[in-house]
Amino acid sequence: MRAIKERPLKIRPLADSSTLAALDSLDPLLARLYATRGITAAAQLELSLQSLAPVGSLHGIERAVEVLLACRGRRIVVVGDFDVDGATSTALVVRCLRDFGFADVDYLVPNRFEYGYGLTPEIVRVAAQSSPSLLLTVDNGISSIDGVAESRRLGIDVLITDHHLPGRELPAATAIVNPHVKPDREEATFTSPHLAGVGVAFYLMAALGNALQQDGAAGAAKIPARYLDLVALGTVADVVRLDQNNRILVMQGLRRIRAGKCVAGIEALLTASGRHPECASSADLGFVVGPRLNAAGRLEDMSVGIECLLTDDPAEALRGAGILDGINRERREIEASMRDQAFSFVDRMDDAGLPACVCVYEESWHQGVVGLIASRVRERCHRPAIAFAREQDGQLKGSARSVPGIHIRDLLEAVATARPGLVAKFGGHAMAAGLSIAAHDLREFSKLACEQLSRLYPQADFSGALVTDGDLPPAAMNLNFARILRDAGPWGAGFPEPLWSGEFELVEQRTVGENHLKLKVRPLRGSGYLDAIAFNQAGSAHRGTVRLAYRLDVNEWRGVESPQLVVEQISNLTHQVA
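Structure report, in brief. Everything numeric here is computed off the predicted structure, so don't read it as measured data.

## Things to note about the pattern of salt bridges
Stage number 1. Enumeration according to the criterion identifies 34 salt bridges in this entry.
Stage number 2. Across the salt bridge formed by Arg419 and Asp441, the nearest N and O atoms sit 4.0 Å from each other. One end of the pair, Arg419, is in the loop between helix H15 (408–418) and strand S10 (423–428); the other, Asp441, is in the loop between strand S11 (432–438) and helix H16 (442–456), with 22 residues separating them in the sequence.
Stage number 3. Residues participating in the shared-partner salt-bridge network are Arg331, Glu335, Arg376 and Glu379.

Structure representation (structure tokens):
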């Protein structure tokens, strides 16, 4: 397998002086970072719950509360999704409704291999066996035209909460809460369109809590905030844009985790993976807890993960975390084999010139893992990627991942419009989407996807440039500033963690673990030595002067904290050794 190509570095444009002046109460270096991430006033850094977009401003929420109150003494089934956003949404709603005194609440998550995604007619008929009065979807439903129709035919109301983009037609649900569904005649007033599914569910539960408290249920309004740790986990794991509203939800959730007030399952998943809940970060949620939960939905049944998030028994939560950890190890093995095959396909494509949209398929691939393979291919090729696996009846299931500047769901819609019937179904976000096509149409789909991408995005940037914040002054390469950066987030999609670039003398290097480089470096313009780690970059040796693209991190080892550079890329400047 050929080596990964070195990515060009591009320094993030500096903010104008008026923006920096508005942030002059902050550390100058921190002010510069915030300004280049769209912060124009200190008020945008306020992360208290009081600064959330008003609950009542989300369109459809009043009607949704009315529907829930009407079902207070009846059976409600929460229909979730099989990813982290869906699992946390399900756990949040089930916990809140039970805490509110709704006595008959259960959940159902479609097995992706039997029923596919969303509220399908088949999953409605499964749910109907328990005679519910209401199906409440979380993180799905906005494209479930047929499923809602089947539910209404059976006399079951449907309340949809979702954050995916709607199509031209909305399902005939009893109520819909989705920040992308706007009023017909009046102007939308909700200011946070980037909520994850769990964020939408939280807003509904908050509105319900307010209504119950006004009706005499003391303390009901405070109940949803108990589960902000679930909201934080789902928001980070779904890689939605961290605007101020989402940063509030994530930070408030992290504070609960750090204070030991999170659900037993999140604490167990952190502990089982060697992380300390008292210093949890958004990266821990995205790269440690999230993948373990996701593995259950990818390979088996997400109910394993949901039960881990629902239990209040620490021992039961630890048992669940152990099961999830085992499933995740199996997932990594399957992914590694599929990734190697995908990279082999891509490297052969590269010899003749990569297409604008890279489509890869192997008949033996596991359909629960193709989303990860699409992500890996995108990272390798720096362009949109779609990985396919075989479904039943000659269909292929595709999972798409995109790069900044290319809206992948819009691309799929353009393909579906250009050739009606080619895409059986699709849905998703700007950066991720899913679809189904007939296996015999793969070649035509791949060709048409490239044509439509070139038409819609003629100036698309496929360079894969690493956007950095430039040089970090050597005086800031210390534990104190590393802690400041750690606490200055939460960092994530749309609000990226600072990435620096600079030249260093490489003093030592050795391979640790399976494929990681442990380094000791000295900044050329400073004094003193720093530890550094380059994950999954063992192989080539380096010597002399190197240019690093890196993050400044706090490394904790046996209770002792120290600054550490987490290296994204090493570029040899002198004395390269094979």
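## Notes on the pairing of strand S13 (residues 500–512)
Stage number 1. Taken together, the 7 bridges between S13 and strand S16 (residues 544–557) define a ladder with antiparallel strand orientation. In the sheet register, Glu503 faces S16, and the bridge partner there is Arg547.
Stage number 2. Where S13 lies against strand S14 (residues 516–523), 8 bridges are found, and the strand directions are antiparallel. Residue Thr511 lies in a different strand from S14, and its bridge partner there is Leu517.
Stage number 3. Counted between consecutive antiparallel strands, the loop separating S13 from S14 contains 3 residues, among which Gly513 sits at a positive phi close to 60°.

## What about the environment of Asp340?
Stage number 1. Its place among the elements puts Asp340 in helix H13 (residues 314–352).
Stage number 2. With 33 residues separating them in the primary sequence, Asp340 and Ile373 have C-alpha atoms 9.5 Å apart.

## Let's talk about the packing of helix H8 (residues 228–237) against helix H9 (residues 244–258)
Angle between the axes and distance between the axes are the two parameters that describe a pair of packed helices.
Stage number 1. The interhelical angle for the contact between H8 and H9, taken along N-to-C directions, is 125°, at an axis separation of 7 Å. Relative to H9, H8 is oriented oblique. Considering how the two elements wind past one another, H8 and H9 form a crossing that is left-handed. Where H8 abuts H9, its residues Leu228, Asp229, Val231, Ala232, Thr235 and Val236 lie against Asn246, Leu249, Val250, Gln252, Gly253, Leu254, Arg256 and Ile257.

## Comments concerning the sheet that holds strand S4 (residues 134–138)
Stage number 1. Read from one edge to the other, the open sheet built from 5 strands follows the order S3-S2-S4-S5-S6, with strand pairing classed as parallel. The sheet is open, and its two borders are formed by strand S3 (105–108) and strand S6 (175–177), each paired with just one other strand. If you compare each strand with its neighbour and ignore which way they point, the axes differ by 20° on average.
Stage number 2. With 4 bridges joining them, strand S2 (residues 76–79) and S3 adopt parallel strand pairing. Counted as the bridge partner of Ile76 is Val105 from S3.
Stage number 3. Relative to S6, helix H3 (residues 61–70) is tilted by about 130°, and along the sheet it contacts S2, S4, strand S5 (157–161) and S6.

What counts and how
Residues numbered from 1 in each chain as written. Predicted model: local features only at pLDDT ≥ 70, side-chain atom pairs only at ≥ 80, totals over all residues. Heavy atoms only, no water. Salt bridge = Lys/Arg side-chain N within 4 Å of Asp/Glu carboxyl O. Helix = DSSP H or I, 4+ residues; strand = E, 2+ residues; numbered from the N terminus. Pairing = 2+ DSSP bridges. Axes fitted to C-alpha atoms, helices over the stretch in contact; angles between N-to-C directions. Parallel < 35°, antiparallel > 145°, perpendicular 65-115°, else oblique. Left-handed = near helix turned anticlockwise from the far one by under 90°. Contact = heavy atoms within 4.5 Å.

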